[in-house]
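Here is what each chain is made of, one letter per residue.
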Amino acid sequence: MIPDRDRIAERLAAVGYVADRDLATALWLMDYLKRPLLLEGEAGVGKTEVAKALAAVHGTELIRLQCYEGLDQNAALYEWNYQRQLLAIKAHEGAGMSTDAIEEHIFSEKYLLERPLLAAIRRDTPPVLLVDEVDRADEEFEAFLLELLSDFQVSIPELGTVTARTIPRVVLTSNGTRELSDALRRRCLYHYVDFPDVEREARIITTRLPQIDAALAQQVARMVAAVRKEDLRKVPGVAETLDWAATLAGLEVHDLRQEPEAVHETLICLLKTHEDRSRLTREVTDRLLGKVA
Amino acid sequence: MPAETIGTTMRRRLAGFARTLRDNGFAVGLAETRDALTILASPAAARPSLLAPALRALFCATRSDWERFDEIFAAYWQGRGVRRVQRSATAPGESRSTAKHIAESMMSQRPHGMPDAVEQGEGHHGDEATDSHDRRNQAARSERLGATDLRHVVDPDEVAQTHALTERLARRMRARLVRRERARRRGRRLDLRRTIHRSISHGGTPIDLVWRRRKLKPLRLVVLLDGSGSMDLYTAFFVRFLHGVVDAFRESEAFVFHTRLAHVSASLRDRDVAHAVDRLSLMAQGIGGGTRIGECLAAFNRWHAKRVIHSRTAVMIVSDGYDTGDPERLAEEMRRLRRRCRRIIWLNPLIGWQDYAPEARGMQAALPYVDLFAPAHNLESLAALEPYLARL
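Focus: the overall build of chain A
- Within chain A, the secondary structure is distributed over 15 helices and nine strands.
- Evaluated residue by residue, chain A yields a buried proportion of 34% over its 293 residues.
- By sequence separation, contacts in chain A at least 24 residues apart represent 77% of the contacts at least 6 residues apart.

Concerning the sheet that holds strand β5 (residues 261–263) of chain B
Residue and element names in this part refer to chain B.
- Read across the sheet, six strands follow the order β5-β4-β3-β6-β7-β8 without closing on themselves; strand pairing throughout is mixed. The sheet terminates laterally at β5 and β8 (372–375), the two strands that pair on one side only. Put simply, the sheet's adjacent strands are angled 20° from each other on average, direction ignored.

Here we look at the environment of isoleucine 351 of chain B
- With respect to the helices and strands, isoleucine 351 of chain B occurs in the loop between β7 (343–348) and α15 (361–366).
- You can call isoleucine 351 of chain B buried: it has 24 C-beta atoms within 10 Å.

Comments concerning the pairing of strand β5 (residues 128–132) of chain A
Residues and elements named next belong to chain A.
- For β5, the buried fraction is high: four of the five residues fall into the buried class.
- As paired strands, strand β2 (residues 62–66) and β5 are joined by five bridges and run parallel to one another. Across the sheet, glutamine 66 pairs through a bridge with aspartate 132, a residue of β5.
- With four bridges joining them, β5 and strand β8 (residues 169–174) adopt parallel strand pairing.

Observations concerning the nonpolar core
- Ranked by size, the top nonpolar core spans 92 residues in total, and within it Val131, Val171, Leu189 and Val220 of chain A together with Leu58 of chain B carry the most contacts.
- If we ignore the near neighbours within four places in the chain, the residues touching valine 171 of chain A are Leu37, Leu39, Val50, Ala51, Leu54, Val128 and Leu130 of chain A.
- Core analysis: the second largest hydrophobic core is formed by 58 residues, Leu165, Leu337, Ile345 and Met363 of chain B among them.

Describing the confidence of the model for chain B
All names here are of chain B.
- In this model, chain B carries a mean pLDDT of 71, and residues with pLDDT of at least 70 account for 66%.
- A low-confidence stretch, residues 81–142 stays under pLDDT 50, and its non-local contacts, those more than four residues away or across chains, total 67 contacts.
- In the predicted structure, residues 181–185 sits below a pLDDT of 50 and forms three contacts with residues beyond four places in sequence or in another chain.

Cut-offs used in this document
- Residues numbered from 1 in each chain as written.
- Chains lettered and ligands numbered in written order.
- Predicted model: local features only at pLDDT ≥ 70, side-chain atom pairs only at ≥ 80, totals over all residues.
- Helix = DSSP H or I, 4+ residues; strand = E, 2+ residues; numbered from the N terminus.
- Buried ≥ 20, exposed ≤ 12 C-beta atoms within 10 Å, placed from the backbone.
- Contact = placed C-beta atoms within 7 Å.
- Pairing = 2+ DSSP bridges.
- Axes fitted to C-alpha atoms, helices over the stretch in contact; angles between N-to-C directions.
- Core = buried A, V, L, I, M, F, W, Y, C linked by C-beta atoms within 7 Å.
- pLDDT = per-residue confidence, 0-100.

Okay, here's the thing in structure tokens:
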């Protein structure tokens, strides 16, 4: 097998994700070494999209675990369906079953609620497991995740050890709100996702919005790149670019230079705080437009 | 092609590369090296353009690794001269005598008779305490040191002792804060799910109630230390203080700035105190050209604030407020910082000096955004901070 980095890039493009070559390499390596991939980068650069595209490429299910502060094993791994268990106890007591039999019964598969992590290791075809914004979870959870990622088995006291049927492809994303532990970082392959360059962003626009004309896509990408260089509080991400491009296409703008008015007014698609909005005055917009065109 | 078929020379080269990375601060373990061998044995090795990104994904663990990797890779495999991280054992505060001289000249330049509205009292108190202890000549030595202005501590023994005291102080702050947290173990809301779970063993009667309480975030302390020339007299002590803080607080971050901002938490986590302090003192030494507090704060706000600041974060700036940058810039950045964090504490060693008024332009610009403007010229003034921090 010749490393099919380019083929991975092509296949990602086919499902609507325009990857750069380094990311394609990392994705190939992930399969080759069977290691999880840690994606870092600013909000809005398309980290989550990578996992979605990966699932689409391999034609498998995407299992997503959104991390948040206070996320615990019950919400991430498994939980017993207590209400059903209680009902079952009452029902079986009435029927005169022995205690042992009841216990056997209520701690069976039927009463187990599968949460994302358990689901990911119990599929017959390896799914893509996306652990989103892992930096939001607590450190304890991170340690637990690390254990799962190295052994791919889980012990449920009442049921016994569940070993992975298939090893899922694991993608972790982090926004850098908290420093991750060295152990977790070392366990993973690392890729820093940057804002796409102008060429790639233009390609992303044309891929996602096929009806847009190529010249406008190019102009939009250049303009967004210029806006990102300004000193903003919230740097616009790729999703914002797409919104803006769609808006411009909807307003039937064909050339940014011809309609500076429309450009300035639709910049709200890119700028999401009052401060940024007031920073990009009409003059600034015109100056940027001048550079772009 | 299995990994075993790779020649000894190649293995050795790879081991050397891993070592180079380790020397440059990468966390590279045996597992990574083994996987690197697998990559070399894979078809990827036939295409050099693929090799660098593959190894980069494998060996890097942080963004800074990511940014430096290409250079190190090129240097090692294409022989463009490896630049290793410099370690120096220069003792902190070597230039004490010259520094003292500068300080004295600065003292004489200071206009007298300016009233100081902010916390001058404690500074005076410190000086008086020194005098009275000296007169009675019976107080414990450590107590006396506590009240002595740090810039007057010159005897090597006393310096060592002050350093130890500074660190102990930082640790004590931590202990106090933790005890506060334990006292609060009381639930507010009933955890229904868990209560039902517990009740299963009682046949469905809820006997054990399980409560939820909001998880307390421990206070995080972010310290920004001015390492510029005008702070030279105090830097060595504050570096010690910083080490104590970073070591003792589970959540703390440390930065040093003069003309640039440097994130130094990692260097401070070195268990060997002397070693850590040496490394840091070197970084802290300003290259001259003044202090750009505004720009450094801007860099902090832009690149670090999101990661290191959460809702229970106190930012402690240790600086004399002599800013060679634009005061408006400083005010703007202070305003931004104010919005993000819980409290801003500005420690200014100069407050302890007699007749000090915060008239430096930078200080004036920053003051409206500061919650606590306090002296930090001796150990007592540092100790006085502890109750304030505990209340946050």
